[in-house]
Amino acid sequence: MLTVTDVSAGYGSFQALFGVSLAVAAGEAVAVIGANGAGKTTLMRVISGLLPASGGGFALDGRALEALPAHRIVAAGIAHVPENRRLFPRLTVEENLRMGAFIPAARKHFAERLAWVYELFPRLLDRRRQPAGTLSGGEQQMCAIGRALMSKPKLLLMDEPSAGLAPLVVEQVFNLVRRIRAEGFTVLIVEQNVQQVLDIADRAYLLDRGRIRLSGAAGELARNEEIRQAYMGI
Amino acid sequence: MDIYLLEAVMNGVLLGGVLALLALGLNLIFGVVDVVWIAYAELVMCGMYAEWWLTDSAAWPVLAASAAAIAFVALLGVLVHLLVIAPILGSAPINQLLATGGLLFFLQSAATLLFGTDFRNLGLRLPVIEFGDIFISLSRLIAFVAALLGAAALYLFLSRSFLGTAIRAVAQDREIMGLMGVDQRRIYLLTSAIGGGLAGLAACLLLLQYDVHPYIGLTFGPITFMICVLGGLGNMIGGFVAAFIISQIIAIAGYYVSIEASYVLAFVVFIALVLLRPQGILGK
Amino acid sequence: MTARLPAALAALVLLLLLPLALRDYFLHIAVQVLLWGFIYTAWSMMGRFGLVSLGHGAFLGIGGYVPALLWNHYDLTPWLGIPLSVLLAALLALVVGYPATRMRVVGHYYALVTLALSQVVLLSMIALRDMTGGSLGMTPRSAGRASWYALQFPEKSEFYFLALALWLAGLALWLWLERSMGSKALEAINEDEGAAAAIGIDVMREKLRVTLISAGLTALGGGAYVQYLMYVNPETVSGVGVSLQIVFAAIAGGMYSLLGPTIGALLTIVLAEGLRVAFGTHFIGAANTIYGVLLVLFIIFMPRGIAGLVEGLLARPGRPAAAE
Ligand SMILES: Nc1ncnc2c1ncn2[C@@H]1O[C@H](COP(=O)(O)OP(=O)(O)O)[C@@H](O)[C@H]1O
Ligand SMILES: [Mg+2]
């Protein structure tokens, strides 16, 4: 479904990604793991069009996307739950969800999608009139994911959904991701919680200083000595 | 209470409505595009001339001319953004402010060139109505009601529609608007058009009460900036409230001393407040 | 530096001889350039610190009105009236500048507070119409002839030398300010207050100091301007237009260079006069319309001004850097 070919990118003269290639098949959940500063967020930002690639390209269902601006990439079917959630703090929960349905194709089905997201995350229904800035960390993550789901994306990008949350809440967030998988969404997820993300993913890539170092089935990587030592602290 | 004072207070409230409209437009643009249009009051002047010209030279009925004037200023707003603001969106805020200052010169002198320095008005004579013992001019009352209706329409648009929500969202997190499928440039254009439209509406309402001349912007431009800052730049509700506070200061001091003295007082209060509470009276 | 001194001296001699060569009209323009050049230089002393004031009309108004009022109503010579107005302007700058630097009022807020300040002076002058003549303006009582006591010189060439001296004094002060704190420190303050404080600069004191000097000099310029024109009205010294015009000229010329503000004065005055002559009185407003467009273009394409552009060209690699 998603194919990333030889993508390079950076900030000014600083290069953060060096010829990264990866693929995600329909219905799959694929994880990208790596240390802080490895370039995971940069990769996500390139795929959602927030950052132009300096080389290479990527395509969704065979349609090349690298030349499109971010707002057209959403319309093409990729939604991005950004690092640190980035909700609009002074908009209510429901207004945040409305923003998620901004593209014309989603606007038409706004009421029905809203009901669906509230069904997935009943907590959001309780909080719908509350400014998003006043939610707890776990609720904010629900809202951020719900917002991305409002566009019914073909592919959902998630950038460290568990970051900055209490351990108990981290567990809840991974359950959320399982639910989303169960709904049939294709997911590309970046995580530093390596053990847990390998538990829910089908396949995974290891990103190291801007390059793919390892890739394979999630279970396989979970058993890899190097990964266990460097990223799981075992 | 003194009847005349009461009348002054009432007039203050009525003036507050139109000032509030201007503050809303300016704050909207500042909150979304992050630019202060120093020439905002000059856009109002353009709207007043447009309406006057259409009724006077083209003999349009007042309502049609008003609608056309509003559309015209909305278009001007778009042009201001495209031609002046967009090229320097990335440069220092003070440069953006100054570029619109150049626009101020341009609009003033263009109006002088086209219409001369004579004072023009619609020549409407609306009656004065009597409430108990106080007299209120109908034109002010119409202006007040229309301003409130305009503000209410803006409120509904911003809170209920997708585009309106996006406009508020841009002010909170510019960077991720793309992830929402929002083309930021289009939001900026729309905001500039709405800001212009509000200036156009204010123009029509002011023309009911005042004559238009090329320098009329200078008489209420500064007071509008002041109101916006007092309410907290970009804070629409704050600006709305501040408009009524300031217009009361002006009305009451104007009653006791003189119009200029009341403006002096308003500006002094403003300076003192900003120096003591730079975040605005309603800011955190 | 070695090549600069003779050049400066030659320029000075030329400037001293200028009145011999110029007709009255051009001399009038020269006086205006010198006086406004002085005022723009005073403004730039603050501007280059990042203190963009939209309210110098306030100080200009005080300098313009106070000596004239004292002369007309109390027979006080401008020799006392002008220094008094300078002190008054500095005092006003202190009252507003102290809390502003204290509370870190910057950017838009600073610009708008200073704008309000100029409005206060403008409207006060109108409100005091019994003394000031209101919007119609006023004329300092004429001494009837050239008089040092009244500081009135109907002959343009006489006033020219006064304006020249004032302008030179302004440049000298600029250089002194730069020496006294070092241009590095100045830049540091403009760019990053924290860093400036870290290298031992008392940012607040420096800012306040330039604010007071700038305000005082602007009042001085206003005083000289009114003595020259023998007329003052609120809009021409304290209106929004004047305050904006000061900022524009300083920016167009280049507020980071010694001669930048003067170049700005030369440019804007010659342009305005040229356009006025070109369009005559048939198209009132045509000249200013073009002027407005040019200002916008300037801000968009040359934010460091002409002097900045020239310095940039001179400082290109491959050439020895100018001035340093
Ligand atoms: N906006 C930016 N400007 C400059 N460098 C950046 C920026 N964002 C990230 N970087 C650098 O790019 C590299 C990769 O960052 P990032 O993609 O955020 O890593 P990760 O998400 O894996 O922690 C890091 O070295 C980081 O310092
Ligand atoms: Mg990251």
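Heads up: the structure comes first, above all this text.
Keep in mind the model is a prediction, meaning the values are calculated, not measured.

Structural notes on the overall build of chain B
Counting its secondary structure elements, chain B contains ten helices and two strands. Relative to the compact-globule value of 19 Å for 284 residues, chain B shows a C-alpha radius of gyration of 19 Å, a close match. Across the 284 residues that make up chain B, the buried fraction comes to 58%. Long-range contacts, defined here as pairs at least 24 residues apart, represent 75% of the contacts in chain B between residues at least 6 apart. As displayed, chain B offers around 10,800 Å² of accessible surface, 69% of which is attributable to carbon and sulfur atoms. Counting 10 positive and 14 negative side-chain charges, chain B places the averaged centre of each group 12 Å from the other.

Observations regarding the overall build of chain A
Along chain A, the regular secondary structure elements total eleven helices and ten strands. By the compact-globule yardstick of 17 Å for 234 residues, chain A fits well, its C-alpha radius of gyration being 17 Å. Evaluated residue by residue, chain A yields a buried proportion of 55% over its 234 residues. Partitioning the intrachain contacts of chain A with sequence separation of at least 6 by distance along the chain shows that 67% fall at a separation of at least 24. Taken as a whole, chain A presents about 9,800 Å² of accessible surface, with 49% of it coming from carbon and sulfur. If the 27 positive side-chain charges of chain A are averaged to one point and the 22 negative ones to another, these points end up 6 Å apart.

A few points about the coordination of the magnesium ion (ligand 2)
All names here are of chain A. The coordination sphere of the magnesium ion (ligand 2), as far as protein atoms go, consists of Thr41 (OG1) and Glu83 (OE), spread over 2.0 to 2.4 Å. Note that Thr41 is positioned in helix H1 (residues 40-47) and Glu83 in the loop between strand S6 (78-81) and helix H3 (93-100), a separation of 42 residues in sequence. The exposure class assigned to Glu83 is partly exposed, which follows from its relative accessible area of 29%.

Topic: the pairing of strand S3 (residues 29-33) of chain A
Residues and elements named next belong to chain A. The element S3 is extensively covered by neighbouring structure, given that five of its five residues are classed as buried. Pairing between S3 and strand S8 (residues 186-191): five bridges, direction parallel. Residue pairing for S8: Val30 is matched across the bridge by Leu188. Note: S3 against strand S9 (residues 203-208), four bridges, orientation parallel. Counted as the bridge partner of Ile33 is Leu206 from S9.

A look at the interface of chain B and chain C
Opposite the 41 residues of chain B that make contact, chain C presents 43 residues. Summing both partners gives a buried area of about 3,600 Å² for chain B against chain C, and 84% of it is carried by carbon and sulfur. Three residues stand out in chain B for area buried against chain C, namely Leu98(B), Phe105(B) and Leu275(B), and they jointly supply 19% of the buried area on that side. Linking chain B to chain C there are one salt bridge. Where Glu260(B) meets Arg129(C), a salt bridge forms, and the shortest distance between an N and an O atom there is 2.9 Å. Where chain B meets chain C, there are three residue pairs in polar contact (both at pLDDT 80 or more). Among the secondary structure elements, those contributing two or more residues to the side of chain B that touches chain C are helix H3 (62-85), helix H4 (93-115), helix H8 (217-231) and helix H10 (259-276) of chain B. Per element, the largest residue contribution to the side of chain B that touches chain C is 16 residues, and it comes from H4(B).

Focus on the interface of chain A and chain B
Contacts between the two partners involve 23 residues from chain A, matched on the other side by 22 residues from chain B. The junction of chain A with chain B conceals about 2,100 Å² of combined surface from both sides, 65% of it contributed by carbon and sulfur atoms. Where chain A meets chain B, there are four salt bridges. With a shortest N-O distance of 2.7 Å, Arg86(A) and Asp173(B) are connected by a salt bridge. For the interface between chain A and chain B, the tally reads seven residue pairs in polar contact (both at pLDDT 80 or more).

Remarks on the arrangement of the chains
There are two pairs of chains in contact here, and the one with the most contacts is chains B and C. Left apart from each other, chain A and chain C have a closest C-alpha approach of 21 Å.

What to know about the nonpolar core
Met99(A), Leu149(A) and Ile223(B) are the most contacted members of the largest nonpolar core, which totals 239 residues. Among the elements that line this core, the one with the most residues is helix H2 (residues 24-47) of chain C, at 15 residues. In this structure, Leu149(A) is in contact with Trp116(A), Val117(A), Leu120(A), Phe121(A), Leu156(A), Ile180(A) and Phe185(A), ignoring residues within four places of it in sequence. Ranked by size, the runner-up nonpolar core spans 28 residues in total, among them Leu2(A), Val24(A), Val30(A) and Leu157(A).

Things to note about the pairing of strand S7 (residues 155-159) of chain A
All names here are of chain A. Counting buried residues along S7, five of its five residues qualify, which places the element largely inside the surrounding structure. Taking every second residue as pointing to the same face, both faces of S7 are buried, with Leu155, Leu157 and Asp159 on one and Leu156 and Met158 on the other. As paired strands, S6 and S7 are joined by four bridges and run parallel to one another. Paired with Val81 across the bridge in S7 is Met158. With five bridges connecting them, S7 and S8 associate as parallel partners.

Points about the sheet that holds strand S4 (residues 55-60) of chain A
All names here are of chain A. On the basis of which strands lie adjacent, the open sheet formed by four strands has the order S2-S1-S4-S5 and antiparallel pairing. Here the strands that pair on one side only, and so sit at the sheet edges, are strand S2 (14-24) and strand S5 (63-64). Pairing between strand S1 (residues 2-11) and S4: five bridges, direction antiparallel. Residue pairing across strands places Leu2 opposite Leu60, the latter belonging to S4. Across the sheet, H1 touches S1, S2 and S4, and the angle it forms with S1 is around 115°.

Re the site of ligand 1
All names here are of chain A. Residues in close proximity to ligand 1 include Tyr11, Phe14, Ala16, Ala35, Asn36, Gly37, Ala38, Gly39, Lys40, Thr41 and Thr42, which together make up its full environment. Between Tyr11 and ligand 1, the recorded distance is 3.5 Å, taken from a side-chain N or O atom to a nitrogen atom. Within the side chain of Thr41, one N or O atom sits 2.6 Å away from an oxygen atom of ligand 1. Across the complex, the protein chains shield 62% of the 550 Å² of accessible surface that ligand 1 would expose by itself. Listing elements by their share of the shell around ligand 1, those giving two or more residues are S2 and H1. Broken down by element, the residue count for the shell around ligand 1 peaks at three residues, all from H1. Its residues assigned to classes, the shell around ligand 1 comprises five nonpolar, five polar and one charged.

Description of helix H7 (residues 156-181) of chain C
Between its terminal C-alpha atoms H7(C) stretches 38 Å, which fits the 38 Å expected from 26 residues at 1.5 Å a residue. Within H7(C), burial applies to Phe159(C), Tyr160(C), Ala163(C), Leu164(C), Leu166(C), Trp167(C), Gly170(C), Leu171(C), Trp174(C), Leu177(C) and Met181(C).

What to know about the packing of aromatic side chains
The final tally for this structure, using the stated rule, is 19 aromatic pairs over all chains. One Lys or Arg, Arg141(C), reaches over the ring of Trp71(C) and ends 4.9 Å from the middle of that ring.

Regarding the sheet that holds S9(A)
All names here are of chain A. Pairing in this open sheet of six strands is mixed, and the strands run S6-S7-S8-S3-S9-S10 from one edge to the other. The sheet is open, and its two borders are formed by S6 and strand S10 (211-217), each paired with just one other strand. Going from strand to strand, the sheet's axes swing by 15° on average, the running direction of each strand aside.

As for unusual backbone geometry
The residue Glu160(A) is not glycine, and still its phi comes out positive at about 45°. Glu160(A) gets classed as buried once you look at its relative accessible area, which sits at 10%. Here Ala59(B), not a glycine, exhibits a phi torsion of approximately 55°, which is positive. You can call Ala59(B) exposed: its relative accessible area is 61%.

A short note on H3(B)
Look at H3(B): 32 Å from first C-alpha to last across 24 residues, which is about the 34 Å you get at 1.5 Å a residue. Among the residues of H3(B), Ala65(B), Ser66(B), Ala69(B), Val73(B), Ala74(B), Leu76(B), Gly77(B), Val80(B), His81(B), Val84(B) and Ile85(B) are the ones counted as buried. In this fold, the buried residues of H3(B) make contact with helix H1 (3-33), helix H2 (40-56), H4 and helix H7 (184-207) of chain B together with helix H14 (286-301) of chain C.

Rules used throughout
Residue numbers restart at each chain and count upward from 1, following the sequence in its written direction. Each chain gets a letter, beginning with A, and each ligand a number, beginning with 1, in the order they are written. Given that this is a predicted model, residues contribute local features only at a pLDDT of at least 70 and side-chain atom pairs are listed and counted only at 80 or more, while totals for whole chains, interfaces and linings are drawn from all residues. As a rule here, side-chain values come from all non-hydrogen atoms in the structure, and water together with hydrogens is ignored. Helix and strand labels come from DSSP, where a helix needs a run of H or I of at least four residues and a strand needs a run of E of at least two; each type is numbered from the N terminus. The size measure is the radius of gyration over C-alpha atoms, and the globule rule it meets is 2.2 Å times the number of residues to the 0.38 power. Relative accessible area decides the class of each residue, using a 1.4 Å probe on protein chains only: under 20% of the type maximum gives buried, over 50% gives exposed, and in between gives partly exposed. In what follows, residue pairs with any heavy atoms lying within 4.5 Å of each other are defined as contacts. Note on areas: Shrake-Rupley with a 1.4 Å probe; residue coverage comes only from the protein chains shown. Here Asp and Glu are counted as negative and Lys and Arg as positive; His is not counted, and neither are the chain ends. Throughout, a charge is located at the NZ atom of Lys, the CZ atom of Arg, the CG atom of Asp or the CD atom of Glu. Water is not part of the atom set, so a site may look incomplete; the donors themselves are N, O and S atoms within 2.8 Å of the metal, or 3.2 Å for Na, K and Ca. Strand pairing is defined by DSSP finding a minimum of two bridges between the two strands. Throughout, the accessible surface (probe 1.4 Å) given up by two parts as they are put together, summed over both, is called the buried area. Salt bridges are defined as contacts in which a side-chain nitrogen from Lys or Arg sits within 4 Å of a carboxyl oxygen from Asp or Glu. Within 3.5 Å is the distance limit for a polar contact, defined as a pair of N or O atoms, with the added protein rule that one can donate a hydrogen and the other accept it, and that residues adjacent in sequence qualify only through two side-chain atoms. The definition of a nonpolar core used throughout is a set of buried Ala, Val, Leu, Ile, Met, Phe, Trp, Tyr and Cys residues joined through side-chain atoms within 4.5 Å. Axis definition: a line fitted to C-alpha atoms, limited for helices to the stretch in contact. Angles are taken between N-to-C directions and run from 0 to 180 degrees. Here a residue is considered near a molecule or strand provided that any single heavy atom belonging to it is located within 4 Å of it. By the convention adopted, Pro, Cys, Tyr, Trp, Phe, Met, Ile, Leu, Val and Ala count as nonpolar, Lys, Arg, Asp and Glu as charged, and the other residues, Gly among them, as polar. Working rule for helices: expected span equals 1.5 Å times residues minus one. Here a Phe, Tyr or Trp ring, Trp counted by its six-membered ring, pairs with any other such ring whose centre lies within 6.5 Å, and the pair is stacked when the planes are under 30 degrees apart, edge-to-face when over 60, and tilted otherwise. Criterion for a charge above a ring: Arg CZ or Lys NZ at most 6 Å from the ring centre, at most 35 degrees from the ring normal.

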